[in-house]
Amino acid sequence: QVQLVESGGGLAQPGGPLKLSCAASGASIGRYTMGWFRQAAGKEREFVGGVRWSGSTVAPTGSMKGRFTISRELAKNTVYLQMNSLKPEDTAVYYCAATRNVQVSNSDFYNYWGPGTQVTVSS
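Residues numbered from 1 in each chain as written. Predicted model: local features only at pLDDT ≥ 70, side-chain atom pairs only at ≥ 80, totals over all residues. Heavy atoms only, no water.

**Comments concerning the pattern of salt bridges**
Here comes step 1: By the definition in use, this model includes three salt bridges.
Here comes step 2: We note a salt bridge from Arg38 to Glu46, for which the minimum N-O separation is 2.9 Å.
Here comes step 3: With relative accessibility at 6%, the residue Arg38 sits in the buried group.
Here comes step 4: The network of salt bridges with common partners includes Arg38, Glu46, Arg67 and Asp90. (Salt bridge = Lys/Arg side-chain N within 4 Å of Asp/Glu carboxyl O. Buried < 20%, exposed > 50% of the residue type's maximum accessible area, 1.4 Å probe, protein only.)

**A word on unusual backbone geometry**
Here comes step 1: Within the chain, Asn77 stands out as a residue other than glycine whose phi angle is a positive 55°.
Here comes step 2: Tracing the sequence through the fold places Asn77 in the loop between β7 (68-73) and β8 (78-83).
Here comes step 3: Look at Ser85: it is not a glycine, yet its phi comes out positive at around 50°.
Here comes step 4: Within the element layout of this structure, Ser85 appears in the loop between β8 and β9 (92-99).
Here comes step 5: The class for Ser85 is partly exposed, based on a relative accessible area of 40%. (Helix = DSSP H or I, 4+ residues; strand = E, 2+ residues; numbered from the N terminus.)

**With respect to the state of the cysteines**
Here comes step 1: Under the counting rule described, the total for this entry stands at one disulfide.
Here comes step 2: Between the sulfur atoms of Cys22 and its disulfide partner Cys96 the distance amounts to 2.0 Å. Across the S-S bond linking Cys22 and Cys96, the dihedral sits near -75°, which makes this disulfide left-handed. On the criterion of sequence distance, the pair formed by Cys22 in strand β3 (residues 18-25) and Cys96 in strand β9 is long-range, its members being 74 residues apart.
Here comes step 3: Judged by relative accessible area, Cys22 falls into the buried class, the value being 0%. (Disulfide = S-S within 2.5 Å.)

Have a look at this one:
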């Protein structure tokens, strides 16, 4: 089974960039739909974006639209989340997940999850 580990989280300033990585092992990410989710304190888990097994991406919407970008690098078996123009409300634990299902944005369809990485946006 695939195992996932997120990295790259930490403290970032408002307006700044931060890039998260999700390193997979045990299986190729090319066999899965990969998703990024986040969960802020006291709030429900929220879909950030994803990339299908074919390589096509599902871009973030709402407040994250135009600021966050999903990508993958098959040779490194890694999925990335590039975050720009960060806002304090982006503060959350960010999770990487994988599924063999066709659904992308619904967390209920994801079978494998990383432990998460904390992102804190503050000046």
